[in-house]
Amino acid sequence: RIDLWARMESDRLTSPVMREFYSERDVVMEERRMRMDNQPVGRLWELTMATAFMAHPYQVPTIGWESDIRNLTADGAMEFFRTHYTPDRAVGALVGDLDIEETERILRETFGRIPAADPDRPAPRVVPEPEQEGERRAILELDAQPTLLMAWHKPTIPHVADVQAEALMEVLTGGRSARWFEKLVKERRLAADVSTFTGPGDAHPNLFIVYAVPQEGVTLEELEAALREEVATLRSELVDAAELEAAKKRLRANAIRALNSNLGLAQQLASMTQISGDPYYLERRL
């Protein structure tokens, strides 16, 4: 390996293995350019996450910063893989009319050959995000459509606040008859688009995020002021019971539709297990 890297210093294209590695790295770089660097909203998203998180890895984009990709080595990539992609960190789900004993035998003969995590290797450590004190604000100036992202820290599943956040998202932006679409898009004509979601991940405390685009002639400051008025209303007034019940019905229906296929059921079982530790968490969530 040392010999190989010595040759690489003088001529990076000497080794077929290294040619393939650097080619793959270029592919990753192009993927980043396509999804982030050449997309104003992608760049705004990265800036928002880097502003919202000071210590937690959520501040770092999944694909990495450009400098990460350019400085990645084959050894570094393999070390990352061996540290994080181990059987103890994986979840699999099989759904269908299966012969359980035969299925288990096949799995042990195939996946069972994958080496377990090195017991002497320290477990990956995630630094918890400290409590935020006061507002943080970042401005990205580009020749692009004005866009606003606002975010608040929140717990993740299985905390009840995550369920409340999902219900709130449905009330506010869950369709063209939802509260904020009616008020901000149709009535006041301030927003061309408004949506809410959570992210950037679900394994650790994350963010409740508002995405909004102003209508022509409306400034970002005017749109932000209107959104803050709506947030203040949420803090002072309970959501109407009928409005909430309609949102809950839609959420239940969407959750059940996701289980209509074997693939959907397998995905739900695996994701719920990975994030909450309970494959049947969805039942409790509903």
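Placed above this text is the structure.
Residues numbered from 1 in each chain as written. Predicted model: local features only at pLDDT ≥ 70, side-chain atom pairs only at ≥ 80, totals over all residues. Heavy atoms only, no water.

> Sorry if this is basic, but what is going on with the overall build of the chain here?
Summing up its helical and strand segments, the chain has 12 helices and three strands in all. Overall, the chain is about 70 × 55 × 35 Å in size when its C-alpha atoms are taken along their principal axes. Taking contacts inside the chain between residues at least 6 apart in sequence as the whole, the part at least 24 apart equals 67%. Summed over its atoms, the accessible surface of the chain is roughly 19,100 Å², and 54% of this surface lies on carbon and sulfur atoms. In the chain, 35 positive and 48 negative side-chain charges are present, and the distance between their average locations comes to 1 Å. (Helix = DSSP H or I, 4+ residues; strand = E, 2+ residues; numbered from the N terminus. Contact = heavy atoms within 4.5 Å. Areas by Shrake-Rupley, 256 points an atom, 1.4 Å probe, with all protein chains shown as cover. Lys, Arg positive; Asp, Glu negative; His and termini not counted. Charge placed at Lys NZ, Arg CZ, Asp CG, Glu CD.)

> Is there a simple way to explain the sheet that holds strand E2 (residues 191-199) in this structure?
Spatially, E1-E3-E2 is the arrangement adopted by the three strands of the open sheet, whose pairing is antiparallel. Each edge of the open sheet is held by one strand with a lone partner, namely strand E1 (148-154) and E2. Geometrically, the sheet is characterised by an average inter-axis angle of 15° between neighbouring strands, direction not taken into account. With respect to the sheet, helix H3 (residues 40-52) is in contact with E1, E2 and strand E3 (206-214), its orientation differing from that of E3 by roughly 145°. Here helix H8 (residues 179-187) sits on the sheet and contacts E2 and E3; the angle it forms with E2, its principal contact strand, is near 150°. (Pairing = 2+ DSSP bridges. Axes fitted to C-alpha atoms, helices over the stretch in contact; angles between N-to-C directions.)

> Sorry if this is basic, but what is going on with the packing of H8 against helix H9 (residues 220-236) here?
A pair of packed helices is captured by two measures, namely the crossing angle of their axes and the spacing between those axes. Between H8 and H9, the shortest axis-to-axis distance is 11 Å and the interhelical angle comes to 145°. As H8 runs across H9, the sense of the crossing is right-handed. Taking contact as the criterion, the partners of Arg179, Trp180, Lys183 and Leu184 in H8 are, on H9, Ala226, Leu227, Glu230, Val231 and Leu234. Residue composition of the contact of H8 with H9, by class: six nonpolar, no polar and three charged. (Left-handed = near helix turned anticlockwise from the far one by under 90°. Nonpolar A, V, L, I, M, F, W, Y, C, P; charged D, E, K, R; others polar.)

> What's the story with the pattern of salt bridges in this structure? I'm lost.
What the rule picks out here adds up to 22 salt bridges. Residue Arg252 is joined to Glu245 by a salt bridge in which the shortest nitrogen-to-oxygen separation is 3.8 Å. Among the residues examined, Arg252 registers a relative accessible area of 33% and is labelled partly exposed. One network of salt bridges, in which partners are shared, links Glu135, Arg137, Glu224 and Arg228. (Salt bridge = Lys/Arg side-chain N within 4 Å of Asp/Glu carboxyl O. Buried < 20%, exposed > 50% of the residue type's maximum accessible area, 1.4 Å probe, protein only.)

> It is not clear to me how the pairing of E2 should be interpreted in this structure. Could you clarify?
Along a regular strand, successive side chains alternate from one face of the sheet to the other. In this sheet, E3 lies alongside E2 in antiparallel orientation, the contact comprising eight bridges. Opposite Ala191, over in E3, you have Pro214 as the bridge partner.

> Explain the packing of aromatic side chains here, please?
Using the criterion set out here, one finds four aromatic pairs in the structure. On the numbers, 5.5 Å between centres and 70° between planes, the contact of Phe53 with Tyr58 is edge-to-face. The pair formed by Phe53 and Tyr58 is uniform in burial state, with each residue classed as buried. Each ring, one from Phe81 and one from Tyr85, has its centre 5.3 Å from the other, and the planes form 10°; the classification is stacked. Look at Phe81 and you get partly exposed, because its relative accessible area is 44%. (Phe/Tyr/Trp six-rings, centres within 6.5 Å; stacked < 30°, edge-to-face > 60°.)

> Just to check I follow, could you spell out the layout of surface pockets for this structure?
Unfilled space is identified by rolling a water-sized probe across the atoms. Taken as a whole, the largest pocket encloses approximately 1,700 Å³ of empty space. Lining the largest pocket are 36 residues, with Pro61, Thr62, Phe80, His84 and Tyr85 positioned closest to its centre. Elements supplying a minimum of two residues to the lining of the largest pocket: helix H2 (16-37), H3, helix H4 (66-70), helix H5 (74-84) and helix H11 (262-276). Among the elements that make up the lining of the largest pocket, the one with the highest residue count is H2 (five residues). Tallied by class, the residues present in the lining of the largest pocket amount to 20 nonpolar, nine polar and seven charged. (1 Å grid on protein atoms, 1.4 Å probe; cavity = no way out; pocket = protein on both sides within 12 Å on 5 of 7 lines; lining within 4 Å. Points joined across faces, edges and corners; volume = space filled by probe spheres on them.)

> How should a nonpolar patch on the surface be read in this particular structure?
The grouping of Leu94, Leu98, Ile100, Leu107, Phe111 and Ile114 at the surface amounts to a nonpolar patch, some 590 Å² of accessible area in total. Among the secondary structure elements, Leu94 is positioned in the loop between H5 and helix H6 (100-110). (Patch = residues over 30% accessible without salt bridge, like charges linked within 9 Å, V, L, I, M, F, W, Y side chains within 5 Å.)

> Please clarify how the nonpolar core should be interpreted in this entry.
Of all hydrophobic cores here, the largest spans 22 residues; its most connected members are Trp180, Leu184, Val194, Val210 and Leu227. For this core, the elements supplying multiple residues, two or more each, are E1, helix H7 (160-173), H8, E2, E3 and H9. With near-sequence residues (within four places) excluded, Val210 lies in contact with Leu148, Leu149, Met150, Trp152, Trp180, Val194, Ser195, Thr196 and Leu227. (Core = buried A, V, L, I, M, F, W, Y, C linked by side-chain atoms within 4.5 Å.)

> Just to check I follow, could you spell out the pairing of E3 for this structure?
With nine of its nine residues buried, E3 lies for the most part within the structure. In the sheet, E1 pairs with E3 via seven bridges, with the strands oriented antiparallel. By the bridge assignment, Ala151 is partnered in E3 with Ile209. Linking E2 to E3, which pair antiparallel, is a turn of six residues.

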